[in-house]
Amino acid sequence: MKNVFDRNIKTSEIDGEVFCTRKTSNEVRNERIQVEEELQDLRGRAKRPLYMSFFRLLCLMMVVDCIIECWRYDLNIIYFVFGNVVAGVMYVSPCVFLVLEALGQKKRKIKYTKMIADKKLFLRLEQLDKNVKEELQISSEIMRIDVLQCVYRIHKNKKISDRYEYIDTLLYVKENALCFIHNGKEISIPFMDIRSVQKVKKNISVSRWNKQEAYNDKRYKKYRITIDKQGMYCFNKYYSLSIVSLWGEYEILIPEYEEEALKLIKETVHLQ
């Protein structure tokens, strides 16, 4: 089964090109792609975990304690610290951590500036969504949702997955089809070809977060999205929209946090 939105890294085409029914003008398409590319450098900001804040406070207290001990004992504590490995690690490690933390503060200030630009770009995206709606004369409401895309390459006639990522799409209903717009292309899936929506339990990680709100915002907290040591966003559930068409079996992978979109699909296509 092919994922409609999986992308060949060499050709840049998605596997579901057969479902493409029309396209927006190059001007609208290129402007939206440009804004999305700018957003890629700004998204994915994560809040500092609570345990990191606690650890930072603990390190600060230990450093203060070390300074007080040095002052009280006329620097005798220094000989004790460096003469005892355990004590040395206990007092020196927090100092190193705080220095690294201070260097990180500068980066966070830069990210704060990026957050302001981020909001402006999202406002531009909203305006571009309206332009797409007017140009394609879409009468129904449109909904911006994430879908999962696997970027792959072909090696010795085999499909080798390179990485997963979230991509921005516009979802709406047109006559008897469920439509998605991505990169200026309208992907139309006839209702009669849609078979089911099934929850899939599978560990997947993506390199960036695709929403304006943070991944650990209260809106997304119940989905237990985490960040690993490499800074990848990790989750273990999504929904598969199963499609059986003249061109074969396909699916569209939708994150479970897209509840409104999943509800719309089930009610419109009359799926259980």
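K.L.:
Before we move on, could you go through the pattern of salt bridges and cite the residues and values that matter?
P.N.:
If you walk through the whole model with that rule in mind, you get 12 salt bridges. In this structure, Lys185 and Glu17 form a salt bridge, with 2.8 Å as the shortest nitrogen-oxygen distance. Remark: Glu17 occurs in the loop between β2 (7-8) and β3 (20-23) and Lys185 occurs in strand β7 (residues 185-190); sequence separation between them is 168 residues. The exposure class of Glu17 is partly exposed, given its relative accessible area of 23%. For Glu258, the salt bridge is made with Lys211, and the minimal N-O distance between the two is 2.8 Å. With a gap of 47 residues between them, Glu258 in the loop between β11 (248-255) and α5 (259-269) and Lys211 in the loop between β8 (194-206) and β9 (226-227) connect regions that are remote in the sequence. What makes Lys211 buried here is its relative accessible area of 16%.

K.L.:
Can you break down the environment of Asn236 residue by residue, with the values?
P.N.:
Here Asn236 shows up in strand β10 (residues 233-245). Asn236 gets classed as partly exposed once you look at its relative accessible area, which sits at 34%. For the pair Asn236 and Ile204, spaced 32 residues apart in sequence, the C-alpha separation works out to 6.1 Å.

Reading the values: the criteria
Residues numbered from 1 in each chain as written. Predicted model: local features only at pLDDT ≥ 70, side-chain atom pairs only at ≥ 80, totals over all residues. Heavy atoms only, no water. Salt bridge = Lys/Arg side-chain N within 4 Å of Asp/Glu carboxyl O. Helix = DSSP H or I, 4+ residues; strand = E, 2+ residues; numbered from the N terminus. Buried < 20%, exposed > 50% of the residue type's maximum accessible area, 1.4 Å probe, protein only.

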